[in-house]
Amino acid sequence: MNTVIAANPTRLPVSVLTGFLGSGKTTLLSQIVRHPGMANTAVIINEFGEIGLDHLLVEKSSENTVLLNSGCLCCTVRGDLIDTLRDLFLKRVRGLVPEFDRVVIETTGLADPAPVLHTLMNDPLIAARFRLDGVISTVDAVNGGDQLNRHDESVKQAAVADRIVLTKTDIASAEAVADLEDRLKALNPAAPILRAVQGQIDPAGLFDAGLYNPTTKSPDVERWLKAEAYEDAGHDHGHGHDHGHEHQHDHDHGHHHHGHDRNRHDDHITAFCMTIDEPLVWDAFATWIETLITLRGPDLLRIKGILNVRESDAPVVVHGVQHVFHPPVRLEAWPSDDHRSRIVFITRDVSRETIEAMYEAYREAAAAGDTI
Ligand SMILES: Nc1nc2c(ncn2[C@@H]2O[C@H](COP(=O)(O)OP(=O)(O)OP(=O)(O)O)[C@@H](O)[C@H]2O)c(=O)[nH]1
(Lines give C-alpha, C1' and ligand atoms only; values in the text may rest on other atoms or scores of the structure.)
Protein backbone atom coordinates (compact mmCIF):
# COMPACT_ATOMS: atom_id res chain seq x y z
CA MET A 1 0.00 0.00 0.00
CA ASN A 2 1.43 3.36 -1.02
CA THR A 3 2.15 6.24 1.30
CA VAL A 4 -0.75 8.50 2.11
CA ILE A 5 -0.87 11.76 0.13
CA ALA A 6 -2.68 15.03 0.78
CA ALA A 7 -5.84 15.88 -1.13
CA ASN A 8 -5.15 17.83 -4.33
CA PRO A 9 -8.08 18.98 -6.44
CA THR A 10 -6.13 21.07 -8.96
CA ARG A 11 -5.34 18.34 -11.48
CA LEU A 12 -7.38 18.06 -14.68
CA PRO A 13 -10.36 15.71 -14.44
CA VAL A 14 -10.39 12.72 -16.77
CA SER A 15 -13.49 10.69 -17.50
CA VAL A 16 -13.24 7.26 -19.04
CA LEU A 17 -16.09 6.42 -21.40
CA THR A 18 -16.50 2.70 -21.82
CA GLY A 19 -19.27 0.35 -22.97
CA PHE A 20 -19.63 -2.70 -25.11
CA LEU A 21 -19.27 -2.69 -28.91
CA GLY A 22 -22.00 -0.66 -30.53
CA SER A 23 -23.52 0.44 -27.23
CA GLY A 24 -23.51 4.09 -28.28
CA LYS A 25 -20.28 5.56 -26.91
CA THR A 26 -19.47 7.60 -30.00
CA THR A 27 -23.06 8.74 -30.40
CA LEU A 28 -23.06 9.91 -26.78
CA LEU A 29 -19.67 11.59 -27.03
CA SER A 30 -20.49 13.43 -30.22
CA GLN A 31 -23.57 14.92 -28.53
CA ILE A 32 -21.81 15.73 -25.27
CA VAL A 33 -19.05 17.75 -26.91
CA ARG A 34 -21.61 19.91 -28.71
CA HIS A 35 -23.06 20.95 -25.38
CA PRO A 36 -22.12 24.56 -24.52
CA GLY A 37 -20.79 23.68 -21.08
CA MET A 38 -18.47 21.07 -22.55
CA ALA A 39 -16.57 23.26 -25.02
CA ASN A 40 -13.29 22.93 -23.16
CA THR A 41 -13.14 19.18 -23.39
CA ALA A 42 -10.28 17.23 -24.94
CA VAL A 43 -11.33 13.85 -26.28
CA ILE A 44 -8.96 10.93 -26.61
CA ILE A 45 -10.08 7.90 -28.54
CA ASN A 46 -8.17 4.97 -27.20
CA GLU A 47 -8.52 2.46 -29.92
CA PHE A 48 -6.63 0.49 -32.43
CA GLY A 49 -7.51 0.77 -36.06
CA GLU A 50 -9.62 3.36 -37.71
CA ILE A 51 -10.71 6.68 -36.30
CA GLY A 52 -13.76 6.26 -34.13
CA LEU A 53 -15.52 9.56 -34.66
CA ASP A 54 -16.92 10.09 -38.10
CA HIS A 55 -15.20 12.53 -40.41
CA LEU A 56 -18.01 15.02 -40.51
CA LEU A 57 -17.48 15.67 -36.88
CA VAL A 58 -13.75 15.54 -36.75
CA GLU A 59 -11.41 17.92 -38.44
CA LYS A 60 -7.76 17.05 -38.52
CA SER A 61 -5.56 19.87 -37.36
CA SER A 62 -2.21 18.33 -36.64
CA GLU A 63 -0.57 14.97 -36.65
CA ASN A 64 -2.60 13.21 -34.01
CA THR A 65 -4.76 15.97 -32.71
CA VAL A 66 -8.01 16.82 -34.34
CA LEU A 67 -10.28 19.72 -33.64
CA LEU A 68 -13.94 18.92 -33.32
CA ASN A 69 -16.47 21.28 -34.86
CA SER A 70 -17.46 22.31 -31.37
CA GLY A 71 -13.94 23.54 -30.80
CA CYS A 72 -12.86 20.74 -28.55
CA LEU A 73 -9.82 18.61 -29.07
CA CYS A 74 -9.78 15.06 -30.14
CA CYS A 75 -6.89 12.68 -30.31
CA THR A 76 -6.96 9.21 -31.67
CA VAL A 77 -4.52 7.16 -29.74
CA ARG A 78 -2.88 4.27 -31.40
CA GLY A 79 0.16 4.31 -29.24
CA ASP A 80 0.60 4.79 -25.62
CA LEU A 81 -1.99 6.54 -23.52
CA ILE A 82 0.70 7.91 -21.24
CA ASP A 83 2.51 9.60 -24.15
CA THR A 84 -0.72 11.01 -25.49
CA LEU A 85 -1.79 12.49 -22.17
CA ARG A 86 1.65 13.92 -21.56
CA ASP A 87 1.86 15.46 -25.05
CA LEU A 88 -1.59 16.89 -24.71
CA PHE A 89 -0.70 18.47 -21.40
CA LEU A 90 2.53 19.96 -22.79
CA LYS A 91 0.73 21.35 -25.82
CA ARG A 92 -1.80 22.94 -23.51
CA VAL A 93 0.94 24.50 -21.38
CA ARG A 94 2.70 25.83 -24.49
CA GLY A 95 -0.51 27.18 -25.96
CA LEU A 96 -0.31 24.83 -28.96
CA VAL A 97 -3.84 23.60 -28.37
CA PRO A 98 -6.81 25.48 -26.97
CA GLU A 99 -6.87 25.40 -23.20
CA PHE A 100 -9.02 22.52 -22.07
CA ASP A 101 -10.23 21.83 -18.58
CA ARG A 102 -11.49 18.29 -18.91
CA VAL A 103 -10.51 15.12 -20.77
CA VAL A 104 -12.73 12.27 -21.91
CA ILE A 105 -11.10 9.02 -23.01
CA GLU A 106 -13.27 6.74 -25.13
CA THR A 107 -12.10 3.15 -24.88
CA THR A 108 -12.76 0.44 -27.42
CA GLY A 109 -15.92 -1.56 -26.95
CA LEU A 110 -14.12 -4.82 -26.36
CA ALA A 111 -11.64 -3.41 -23.90
CA ASP A 112 -11.39 -4.05 -20.24
CA PRO A 113 -11.34 -0.48 -18.91
CA ALA A 114 -9.09 -1.39 -15.98
CA PRO A 115 -5.70 -0.78 -17.68
CA VAL A 116 -6.75 2.76 -18.61
CA LEU A 117 -7.75 3.35 -15.01
CA HIS A 118 -4.46 1.90 -13.80
CA THR A 119 -2.55 4.36 -15.98
CA LEU A 120 -4.53 7.28 -14.63
CA MET A 121 -4.25 6.21 -11.03
CA ASN A 122 -0.72 5.06 -10.83
CA ASP A 123 1.60 6.56 -13.42
CA PRO A 124 3.43 9.28 -11.46
CA LEU A 125 3.74 11.73 -14.37
CA ILE A 126 0.12 11.37 -15.33
CA ALA A 127 -1.18 11.35 -11.78
CA ALA A 128 0.63 14.64 -11.10
CA ARG A 129 -1.41 16.41 -13.80
CA PHE A 130 -4.61 14.46 -14.20
CA ARG A 131 -7.07 12.85 -11.87
CA LEU A 132 -9.71 10.26 -12.59
CA ASP A 133 -13.08 11.94 -12.46
CA GLY A 134 -15.06 8.82 -13.15
CA VAL A 135 -15.99 5.96 -15.41
CA ILE A 136 -19.04 6.35 -17.63
CA SER A 137 -20.38 3.11 -19.13
CA THR A 138 -22.92 2.93 -21.91
CA VAL A 139 -25.21 -0.10 -21.86
CA ASP A 140 -27.37 -0.91 -24.84
CA ALA A 141 -30.98 -1.37 -23.70
CA VAL A 142 -31.66 -3.81 -26.54
CA ASN A 143 -28.57 -5.99 -26.46
CA GLY A 144 -27.17 -5.18 -23.03
CA GLY A 145 -28.77 -8.14 -21.23
CA ASP A 146 -27.37 -10.60 -23.72
CA GLN A 147 -23.96 -8.95 -23.55
CA LEU A 148 -23.97 -9.22 -19.74
CA ASN A 149 -24.78 -12.93 -20.11
CA ARG A 150 -22.03 -13.63 -22.58
CA HIS A 151 -19.21 -11.17 -22.22
CA ASP A 152 -17.11 -10.72 -19.17
CA GLU A 153 -15.85 -7.35 -20.49
CA SER A 154 -19.37 -6.00 -20.62
CA VAL A 155 -19.89 -6.95 -16.96
CA LYS A 156 -16.61 -5.35 -15.95
CA GLN A 157 -17.44 -2.18 -17.85
CA ALA A 158 -20.70 -1.83 -15.91
CA ALA A 159 -19.20 -2.93 -12.59
CA VAL A 160 -16.44 -0.31 -12.54
CA ALA A 161 -18.73 2.52 -13.66
CA ASP A 162 -19.50 5.64 -11.67
CA ARG A 163 -22.28 6.47 -14.11
CA ILE A 164 -24.22 4.04 -16.28
CA VAL A 165 -25.95 5.35 -19.39
CA LEU A 166 -28.70 3.20 -20.86
CA THR A 167 -28.84 3.82 -24.59
CA LYS A 168 -31.40 2.85 -27.24
CA THR A 169 -34.29 2.90 -24.79
CA ASP A 170 -36.32 4.26 -27.74
CA ILE A 171 -36.22 0.86 -29.43
CA ALA A 172 -36.32 -1.44 -26.37
CA SER A 173 -39.42 -2.68 -24.57
CA ALA A 174 -40.20 -1.14 -21.19
CA GLU A 175 -39.93 -4.62 -19.67
CA ALA A 176 -36.47 -5.22 -21.11
CA VAL A 177 -35.32 -1.83 -19.83
CA ALA A 178 -36.69 -2.50 -16.32
CA ASP A 179 -35.08 -5.94 -16.23
CA LEU A 180 -31.73 -4.58 -17.36
CA GLU A 181 -31.90 -1.78 -14.81
CA ASP A 182 -32.46 -4.34 -12.05
CA ARG A 183 -29.42 -6.30 -13.15
CA LEU A 184 -27.28 -3.20 -13.36
CA LYS A 185 -28.38 -2.06 -9.90
CA ALA A 186 -27.42 -5.41 -8.45
CA LEU A 187 -24.08 -5.28 -10.22
CA ASN A 188 -23.22 -1.74 -9.27
CA PRO A 189 -25.61 -0.33 -6.67
CA ALA A 190 -24.07 3.14 -6.33
CA ALA A 191 -23.83 4.14 -9.99
CA PRO A 192 -26.78 6.27 -11.12
CA ILE A 193 -28.45 4.78 -14.21
CA LEU A 194 -29.13 7.56 -16.69
CA ARG A 195 -30.72 7.34 -20.13
CA ALA A 196 -29.65 8.77 -23.45
CA VAL A 197 -31.57 8.46 -26.69
CA GLN A 198 -29.32 9.13 -29.67
CA GLY A 199 -26.77 10.57 -27.27
CA GLN A 200 -29.12 13.20 -25.86
CA ILE A 201 -28.32 13.73 -22.21
CA ASP A 202 -27.51 16.54 -19.83
CA PRO A 203 -23.73 16.22 -19.40
CA ALA A 204 -24.04 17.57 -15.84
CA GLY A 205 -25.18 14.14 -14.71
CA LEU A 206 -22.19 12.40 -16.24
CA PHE A 207 -19.27 14.35 -14.89
CA ASP A 208 -17.88 15.40 -11.53
CA ALA A 209 -18.18 11.87 -10.24
CA GLY A 210 -14.84 12.06 -8.45
CA LEU A 211 -13.88 12.72 -4.90
CA TYR A 212 -13.79 16.49 -5.28
CA ASN A 213 -16.79 18.74 -5.33
CA PRO A 214 -16.21 20.90 -8.44
CA THR A 215 -17.66 24.00 -6.82
CA THR A 216 -15.96 23.94 -3.45
CA LYS A 217 -12.87 22.05 -4.72
CA SER A 218 -12.97 20.12 -1.49
CA PRO A 219 -13.44 16.38 -1.13
CA ASP A 220 -17.02 15.19 -0.93
CA VAL A 221 -16.42 11.65 0.12
CA GLU A 222 -19.96 10.66 1.07
CA ARG A 223 -21.28 11.59 -2.37
CA TRP A 224 -18.39 9.69 -3.97
CA LEU A 225 -18.64 6.58 -1.83
CA LYS A 226 -22.44 6.27 -1.60
CA ALA A 227 -22.04 3.55 0.98
CA GLU A 228 -25.76 3.61 1.73
CA ALA A 229 -26.53 2.40 -1.79
CA TYR A 230 -25.00 -0.97 -0.92
CA GLU A 231 -27.17 -1.56 2.11
CA ASP A 232 -29.86 -3.49 0.34
CA ALA A 233 -27.85 -4.36 -2.68
CA GLY A 234 -27.05 -7.11 -4.82
CA HIS A 235 -26.04 -10.58 -5.36
CA ASP A 236 -24.28 -11.45 -2.21
CA HIS A 237 -26.74 -12.72 0.28
CA GLY A 238 -24.31 -14.48 2.50
CA HIS A 239 -25.03 -13.63 6.08
CA GLY A 240 -21.47 -12.76 6.75
CA HIS A 241 -19.86 -12.59 10.10
CA ASP A 242 -21.92 -10.34 12.17
CA HIS A 243 -19.41 -8.34 14.10
CA GLY A 244 -22.04 -5.80 14.88
CA HIS A 245 -20.42 -3.41 12.49
CA GLU A 246 -21.66 -4.27 9.09
CA HIS A 247 -24.59 -3.06 7.15
CA GLN A 248 -27.27 -5.66 7.02
CA HIS A 249 -28.37 -6.97 3.71
CA ASP A 250 -31.91 -6.87 2.65
CA HIS A 251 -32.63 -10.51 2.17
CA ASP A 252 -35.65 -10.00 0.05
CA HIS A 253 -34.79 -11.99 -3.01
CA GLY A 254 -38.02 -11.14 -4.71
CA HIS A 255 -36.95 -7.92 -6.34
CA HIS A 256 -33.71 -8.79 -8.01
CA HIS A 257 -33.21 -11.25 -10.76
CA HIS A 258 -30.73 -13.57 -9.21
CA GLY A 259 -31.79 -16.41 -11.39
CA HIS A 260 -29.04 -18.53 -9.91
CA ASP A 261 -27.90 -19.29 -13.37
CA ARG A 262 -24.20 -19.06 -12.72
CA ASN A 263 -23.56 -18.98 -16.43
CA ARG A 264 -24.55 -15.35 -16.54
CA HIS A 265 -21.41 -13.34 -16.06
CA ASP A 266 -23.06 -10.79 -13.83
CA ASP A 267 -24.15 -13.47 -11.36
CA HIS A 268 -20.51 -13.79 -10.40
CA ILE A 269 -20.37 -10.21 -9.19
CA THR A 270 -20.81 -9.25 -5.56
CA ALA A 271 -21.27 -5.67 -4.38
CA PHE A 272 -21.30 -4.81 -0.72
CA CYS A 273 -20.22 -2.31 1.89
CA MET A 274 -18.18 -3.34 4.89
CA THR A 275 -18.53 -1.03 7.87
CA ILE A 276 -16.03 -1.25 10.70
CA ASP A 277 -16.55 0.50 14.00
CA GLU A 278 -13.14 0.30 15.61
CA PRO A 279 -10.21 2.34 14.23
CA LEU A 280 -8.06 0.37 11.82
CA VAL A 281 -4.41 -0.32 12.39
CA TRP A 282 -2.89 0.95 9.15
CA ASP A 283 -0.41 -1.92 8.77
CA ALA A 284 -3.12 -4.48 9.35
CA PHE A 285 -5.34 -2.78 6.79
CA ALA A 286 -2.50 -2.56 4.25
CA THR A 287 -1.52 -6.20 4.75
CA TRP A 288 -5.12 -7.30 4.40
CA ILE A 289 -5.56 -5.44 1.13
CA GLU A 290 -2.16 -6.50 -0.20
CA THR A 291 -2.97 -10.14 0.53
CA LEU A 292 -6.31 -9.77 -1.19
CA ILE A 293 -4.56 -8.26 -4.20
CA THR A 294 -2.00 -11.06 -4.30
CA LEU A 295 -4.62 -13.76 -4.09
CA ARG A 296 -7.49 -12.23 -6.04
CA GLY A 297 -6.24 -9.02 -7.69
CA PRO A 298 -7.99 -9.42 -11.06
CA ASP A 299 -11.29 -10.12 -9.30
CA LEU A 300 -11.33 -6.98 -7.18
CA LEU A 301 -13.14 -4.89 -9.75
CA ARG A 302 -13.46 -1.80 -7.62
CA ILE A 303 -12.79 -0.89 -4.01
CA LYS A 304 -13.50 2.51 -2.52
CA GLY A 305 -13.38 3.46 1.10
CA ILE A 306 -13.10 6.02 3.83
CA LEU A 307 -11.02 4.78 6.73
CA ASN A 308 -10.74 5.64 10.35
CA VAL A 309 -7.07 4.89 10.90
CA ARG A 310 -5.85 4.58 14.47
CA GLU A 311 -2.66 6.47 13.66
CA SER A 312 -4.47 9.51 12.21
CA ASP A 313 -7.15 11.91 13.43
CA ALA A 314 -8.19 12.63 9.87
CA PRO A 315 -9.87 10.09 7.61
CA VAL A 316 -8.01 8.38 4.78
CA VAL A 317 -9.63 7.68 1.42
CA VAL A 318 -8.65 4.57 -0.53
CA HIS A 319 -9.54 3.64 -4.09
CA GLY A 320 -8.49 0.58 -6.04
CA VAL A 321 -9.19 -1.13 -9.34
CA GLN A 322 -7.96 -4.73 -9.37
CA HIS A 323 -4.33 -4.81 -8.24
CA VAL A 324 -3.78 -1.08 -8.56
CA PHE A 325 -4.54 1.34 -5.76
CA HIS A 326 -4.52 5.08 -6.03
CA PRO A 327 -2.20 6.49 -3.36
CA PRO A 328 -4.43 6.82 -0.27
CA VAL A 329 -5.56 10.41 0.32
CA ARG A 330 -5.70 12.00 3.77
CA LEU A 331 -8.64 14.34 4.18
CA GLU A 332 -8.51 17.34 6.47
CA ALA A 333 -11.60 16.39 8.42
CA TRP A 334 -14.42 13.89 8.66
CA PRO A 335 -17.32 14.77 6.39
CA SER A 336 -19.93 13.90 9.06
CA ASP A 337 -20.30 12.57 12.57
CA ASP A 338 -20.06 9.04 11.23
CA HIS A 339 -16.43 8.13 11.89
CA ARG A 340 -16.69 4.45 11.06
CA SER A 341 -14.58 3.00 8.29
CA ARG A 342 -16.73 2.18 5.28
CA ILE A 343 -15.31 0.19 2.39
CA VAL A 344 -17.33 -0.74 -0.68
CA PHE A 345 -16.31 -3.73 -2.75
CA ILE A 346 -17.37 -4.87 -6.19
CA THR A 347 -15.79 -8.27 -6.71
CA ARG A 348 -15.99 -11.25 -9.01
CA ASP A 349 -16.34 -14.61 -7.27
CA VAL A 350 -14.89 -13.28 -4.04
CA SER A 351 -17.49 -13.42 -1.31
CA ARG A 352 -18.12 -10.97 1.45
CA GLU A 353 -17.37 -13.77 3.94
CA THR A 354 -13.93 -14.40 2.48
CA ILE A 355 -13.00 -10.75 2.62
CA GLU A 356 -14.34 -10.28 6.13
CA ALA A 357 -12.66 -13.42 7.44
CA MET A 358 -9.31 -12.19 6.11
CA TYR A 359 -9.84 -8.80 7.67
CA GLU A 360 -10.71 -10.45 10.98
CA ALA A 361 -7.49 -12.49 10.91
CA TYR A 362 -5.33 -9.40 10.39
CA ARG A 363 -7.31 -7.42 12.92
CA GLU A 364 -6.81 -10.09 15.56
CA ALA A 365 -3.12 -10.36 14.78
CA ALA A 366 -2.74 -6.58 15.06
CA ALA A 367 -4.71 -6.53 18.33
CA ALA A 368 -2.47 -9.25 19.74
CA GLY A 369 0.55 -7.19 18.77
CA ASP A 370 1.87 -9.83 16.40
CA THR A 371 4.22 -8.84 13.66
CA ILE A 372 2.17 -8.88 10.53
N1 LIG B 1 -32.19 3.84 -31.83
C2 LIG B 1 -31.05 4.23 -31.26
N3 LIG B 1 -29.87 3.98 -31.85
C4 LIG B 1 -28.74 4.39 -31.24
C5 LIG B 1 -28.77 5.07 -29.99
N6 LIG B 1 -27.50 5.33 -29.60
C7 LIG B 1 -26.70 4.85 -30.59
N8 LIG B 1 -27.45 4.28 -31.57
C9 LIG B 1 -26.97 3.63 -32.80
O10 LIG B 1 -26.22 2.47 -32.43
C11 LIG B 1 -25.15 2.28 -33.34
C12 LIG B 1 -23.82 2.18 -32.58
O13 LIG B 1 -23.57 3.43 -31.95
P14 LIG B 1 -22.10 3.97 -31.70
O15 LIG B 1 -22.22 5.29 -31.04
O16 LIG B 1 -21.26 3.89 -32.93
O17 LIG B 1 -21.59 2.88 -30.66
P18 LIG B 1 -20.10 2.69 -30.08
O19 LIG B 1 -20.29 2.19 -28.68
O20 LIG B 1 -19.32 3.93 -30.24
O21 LIG B 1 -19.58 1.56 -31.03
P22 LIG B 1 -18.08 0.93 -31.13
O23 LIG B 1 -17.16 2.10 -31.25
O24 LIG B 1 -18.17 0.10 -32.35
O25 LIG B 1 -17.88 0.13 -29.91
C26 LIG B 1 -25.19 3.45 -34.31
O27 LIG B 1 -25.85 3.03 -35.46
C28 LIG B 1 -26.02 4.49 -33.57
O29 LIG B 1 -26.70 5.35 -34.43
C30 LIG B 1 -30.06 5.32 -29.37
O31 LIG B 1 -30.18 5.88 -28.26
N32 LIG B 1 -31.16 4.87 -30.06
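Residues numbered from 1 in each chain as written. Predicted model: local features only at pLDDT ≥ 70, side-chain atom pairs only at ≥ 80, totals over all residues. Heavy atoms only, no water.

- For the protein, an unreviewed UniProt entry supplies the name ATP-binding protein and the organism Skermanella aerolata.
- Listed under Catalytic activity (unreviewed entry) in UniProt, the entry text for the protein is "GTP + H2O = GDP + phosphate + H(+)". (UniProt positions renumbered as here; feature names shortened; annotations may be inferred.)

**Here's the deal with the pattern of salt bridges**
- Following the criterion strictly, the structure yields 18 salt bridges and no others.
- Between Glu-222 and Arg-342 there is a salt bridge whose closest N-O contact spans 3.2 Å. With Glu-222 in helix H8 (residues 221-225) and Arg-342 in strand S16 (residues 341-348), this pair connects stretches of sequence that are 120 residues apart.
- A relative accessible area of 32% means that Glu-222 is categorised as partly exposed. (Salt bridge = Lys/Arg side-chain N within 4 Å of Asp/Glu carboxyl O. Helix = DSSP H or I, 4+ residues; strand = E, 2+ residues; numbered from the N terminus. Buried < 20%, exposed > 50% of the residue type's maximum accessible area, 1.4 Å probe, protein only.)

**Focus on the site of the ligand**
- With respect to spatial proximity, 16 residues lie near the ligand, and among them Lys-25, Thr-26, Thr-27, Asp-170 and Gln-198 are the closest.
- In this structure, an oxygen atom belonging to the ligand sits 3.2 Å away from a main-chain N or O atom of Ser-23.
- Contacts to the ligand include Ala-196, whose backbone N or O atom sits 3.4 Å from an oxygen atom.
- For the ligand, the accessible surface in isolation is 650 Å², of which the surrounding protein chains cover 68%. (Near = heavy atom within 4 Å. Polar contact = N/O pair within 3.5 Å; in protein donor to acceptor, adjacent residues only side chain to side chain. Areas by Shrake-Rupley, 256 points an atom, 1.4 Å probe, with all protein chains shown as cover.)

**Quick notes on the pairing of strand S10 (residues 193-196)**
- Sheet topology note: the strand S9 (residues 163-167)/S10 ladder contains four bridges and is parallel. Bridge pairing links Leu-166 to Arg-195 in S10.
- Between the parallel pair S9 and S10, the chain is carried across by helix H7 (residues 174-187), and the sense of this crossover is right-handed. (Pairing = 2+ DSSP bridges. Right-handed = clockwise from strand over helix to strand, strands pointing away.)

**Structural notes on the domain arrangement of the protein**
- Segmentation of the protein into domains returns domain 1 (5-210) and domain 2 (269-368).
- Between domain 1 and domain 2, the residue contacts involve 23 residues of the former and 19 residues of the latter.
- The interface formed by domain 1 and domain 2 contains three salt bridges.
- Put simply, Asp-162 and Lys-304 hold a salt bridge, and the shortest N to O gap is 3.1 Å.
- Breaking the side of domain 1 that touches domain 2 down by element, the ones donating at least two residues are strand S1 (5-6), helix H3 (114-122), strand S8 (130-140), helix H6 (152-159) and H7.
- Top contributing element to the side of domain 1 that touches domain 2 by residue count: H3, with five residues.
- For the side of domain 1 that touches domain 2, the class distribution of residues is 15 nonpolar, three polar and five charged. (Domains from an automatic or database assignment. Contact = heavy atoms within 4.5 Å. Nonpolar A, V, L, I, M, F, W, Y, C, P; charged D, E, K, R; others polar.)

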